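Working through the structure, step by step
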Amino acid sequence: MFLSVGVRFEANVEALNMVETAGNYSKHRRVPYLVEEDGRLKTVYVPALSGESLAHAYQEHLVREALGLGLPVCDDCRRDEFYKSMNKVHLKKKVNPIPDDPRDIEIAIVRSCVVEDVGGFLYAEKPPVRRSSAFQVSYALPVKSVALFATSEPQLHARHAQMDSSSKKGNASEQMIYYVETGTALYGFTFNLDLDAIGVSAITSEPILDEDEIKTRREAALRALFRMLSSAQFGAKLSRFFPVGGITEVAVAVTEHPFVVTSPIYDDYIARTERRLKVLEGLGENYLFAVATGEKVPEEALKEAMDYLREQGAF
Ligand SMILES: [Zn+2]
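Residues numbered from 1 in each chain as written. Predicted model: local features only at pLDDT ≥ 70, side-chain atom pairs only at ≥ 80, totals over all residues. Heavy atoms only, no water.

**Side note on the nonpolar core**
Within the largest apolar cluster, 67 residues are counted, with the highest numbers of intra-cluster contacts made by Leu3, Tyr58 and Leu193. Apart from residues lying up to four places away in sequence, Tyr58 is in contact with Val118, Phe135, Phe191, Leu193, Ala221, Ala224, Leu225 and Met228. Listed in part, the twelve residues of the second largest apolar core include Ile105, Ala108, Tyr123 and Ile214. (Core = buried A, V, L, I, M, F, W, Y, C linked by side-chain atoms within 4.5 Å. Buried < 20%, exposed > 50% of the residue type's maximum accessible area, 1.4 Å probe, protein only. Contact = heavy atoms within 4.5 Å.)

**Section: the coordination of the zinc ion**
The zinc ion binds to the protein through Cys74 (SG), Cys77 (SG), Cys113 (SG) and Glu116 (OE), with metal-donor distances spanning 1.8 to 2.3 Å. For the zinc ion, the four donor atoms in the first shell make angles of 101 to 119 degrees at the metal, a pattern classed as tetrahedral. All donors to the zinc ion come from one chain, and their sequence spacing reads C-x2-C-x35-C-x2-E. Here Cys77 is found in helix H2 (residues 75-78), whereas its partner Cys113 is found in the loop between helix H4 (102-112) and helix H5 (114-119), with 36 residues between them in sequence. (Donors = N, O, S within 2.8 Å, 3.2 Å for Na, K, Ca; no water. Tetrahedral: all angles 85-135°; square planar, octahedral: opposite > 155°, others 65-115°. Helix = DSSP H or I, 4+ residues; strand = E, 2+ residues; numbered from the N terminus.)

**Some thoughts on empty space enclosed by the protein**
The rolling of a water-molecule-sized probe over the atoms marks out the regions of remaining empty space. Applying the stated rule across the entire model yields one cavity of 30 Å³ or more. Roughly 50 Å³ of volume is contained in the largest cavity. Lining of the largest cavity is provided by Leu3, Leu222, Leu225, Phe226, Leu302, Ala305 and Met306. For the lining of the largest cavity, the secondary structure elements donating two or more residues are helix H6 (211-231) and helix H9 (298-311). (1 Å grid on protein atoms, 1.4 Å probe; cavity = no way out; pocket = protein on both sides within 12 Å on 5 of 7 lines; lining within 4 Å. Points joined across faces, edges and corners; volume = space filled by probe spheres on them.)

**Focus: the packing of H6 against H9**
It is the contact of H6 with H9, at a shortest axis distance of 10 Å, that shows an interaxial angle of 175 degrees. Relative to H9, H6 is oriented roughly antiparallel. When H6 is examined against H9, the residues Glu219, Leu222, Arg223, Phe226, Leu229 and Ser230 are found in contact with a partner set consisting of Glu299, Leu302, Lys303, Met306, Leu309 and Arg310. Residues of the contact of H6 with H9, tallied by class, amount to six nonpolar, one polar and five charged. (Axes fitted to C-alpha atoms, helices over the stretch in contact; angles between N-to-C directions. Parallel < 35°, antiparallel > 145°, perpendicular 65-115°, else oblique. Nonpolar A, V, L, I, M, F, W, Y, C, P; charged D, E, K, R; others polar.)

**A word on the packing of helix H1 (residues 51-68) against H6**
Their axes nearest at 8 Å, the elements H1 and H6 cross at an angle of 120 degrees. Judged by the angle between their axes, H1 and H6 are oblique. Classified by chirality, the crossing of H6 by H1 is right-handed. Across the interface between the two elements, Leu54, Ala57, Tyr58, His61, Leu62, Glu65 and Ala66 of H1 pack against Ala220, Ala221, Arg223, Ala224, Leu225, Arg227, Met228 and Ser231 of H6. (Left-handed = near helix turned anticlockwise from the far one by under 90°.)

**Quick notes on the environment of Ala124**
Here Ala124 lies in the loop between strand E6 (121-123) and strand E7 (129-131). In this structure Ala124 comes out as exposed when scored by relative accessible area, which is 53%.

**Observations regarding H4**
Every buried residue of H4 is listed here: Ile105, Glu106, Ala108, Ile109 and Val110. The elements touched by buried residues of H4 are helix H3 (88-92), H5, E6, E7 and H6. For H4, the side-chain oxygen to backbone nitrogen distance between the N-cap and Arg103 is 2.9 Å, and the N-cap itself is Asp101. (Polar contact = N/O pair within 3.5 Å; in protein donor to acceptor, adjacent residues only side chain to side chain.)

**Notes on the environment of Val110**
In this structure, Val110 sits in helix H4. Residue class for Val110 comes out buried when judged on its relative accessible area of 0%. Residues Val110 and Ser263, 153 residues apart in the sequence, show an inter-C-alpha distance of 31 Å. In this structure Val110 touches Asp117, Phe121, Arg131, Gly199, Ile208, Leu209 and Arg217, once residues within four positions along its chain are discounted.

**Quick notes on the layout of surface pockets**
The calculated volume of the largest pocket comes to roughly 230 Å³. Lining the largest pocket are 17 residues, and of these Leu229, Ala232, Gly245, Gly246 and Ile247 sit closest to its centre. Contributions of two or more residues to the lining of the largest pocket are made by strand E1 (2-14), H6, strand E12 (244-255) and H9. Counted by class, the lining of the largest pocket contains eleven nonpolar, four polar and two charged residues. Taken as a whole, the second largest pocket holds about 200 Å³ of empty space. Lining of the second largest pocket is provided by Gly51, Glu52, Ala55, His56, Gln59, Phe82, Lys84, Gly119, Ser133, Phe135, Gln136 and Val137. When contributions to the lining of the second largest pocket are tallied by element, the ones reaching two or more residues are H1 and strand E8 (135-137). When grouped by side-chain class, the residues that make up the lining of the second largest pocket number four nonpolar, six polar and two charged.

Okay, structure coming up:
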């Protein structure tokens with residue numbers, strides 16, 4: 001089964017994805033964006049969060065949920081250092097001696113780590129072994145219709161340090177000023193999860209684990225998404241720039257085969273997704289579409305999707 005979520009969230013004064021520091025200025029990630037104004041297309045630079053940043057946060061939640069359900073997570077991933085068995089040094093911690101057959105390497109990694117099972121890995125040695133991530137996440141980008149109102153503005157901050165007598169300014173209190181570029185926007189992003197890929201070999205398409213363990217791993221993957229959205233624990237600089245705002249809309253589709261909700265950067269994404277699902281239904285595919293806008297809260301839509309998946313026997 002396949003789950004796809006469109007998320008809209010309002011974030012005022014956030015520093016969720018910083019890309020570089022030039023002197024005392026730390027810059028927010030920005031991307032070129034095509035918007036329509038007065039019937040003409042133009043490019044604007046808008047604040048954004050990378051998919052990599054969201055994926056990292058998701059995997060941190062996955063570590064916690066997996067451990068909570070008594071599932072295996074390797075030592076690197078437990079520390080939220082997602083090396084993903086990238087070379088012999090990291091792989092040897094899981095299997096030693098390292099097998100020659102790529103299939104055996106994949107089995108050893110998947111068995112010993114839920115994060116690498118769900119999030120994929122690339123063992124870049126001989127033989128190279130690659131496993132695609134069972135989850136996908138887009139960049140978070142401003143909603144098109146209001147993208148022109150998205151801003152990134154530097155905010156001035158000061159850090160104080162008491163200088164001792166050995167420093168050149170004597171006992172004077174020293175202050176350092178620095179700027180943090182903060183973004184403000186209504187963002188949208190898409191998250192997909194292919195439940196059928198969890199615990200299954202990417203090389204042979206055969207299950208690597210028994211059915212019970214696969215189901216528990218699916219549950220961990222869903223719980224991690226729930227927790228990430230519910231807690232808004234994603235992105236950087238949360239300690240002093242926790243975004244003011246929150247999730248405004250969530251649309252979750254659960255289908256038998258891969259299907260992705262229309263991107264929430266478009267205002268009509270819910271209606272379009274519904275129409276597209278109706279066509280699938282006409283082709284004989286069952287689905288669930290849960291939407292949280294206005295009255296319903298995001299957690300209710302997410303729980304509806306999880307209940308449906310449980311009823312369908314996915315976990
Ligand atoms: Zn791992």
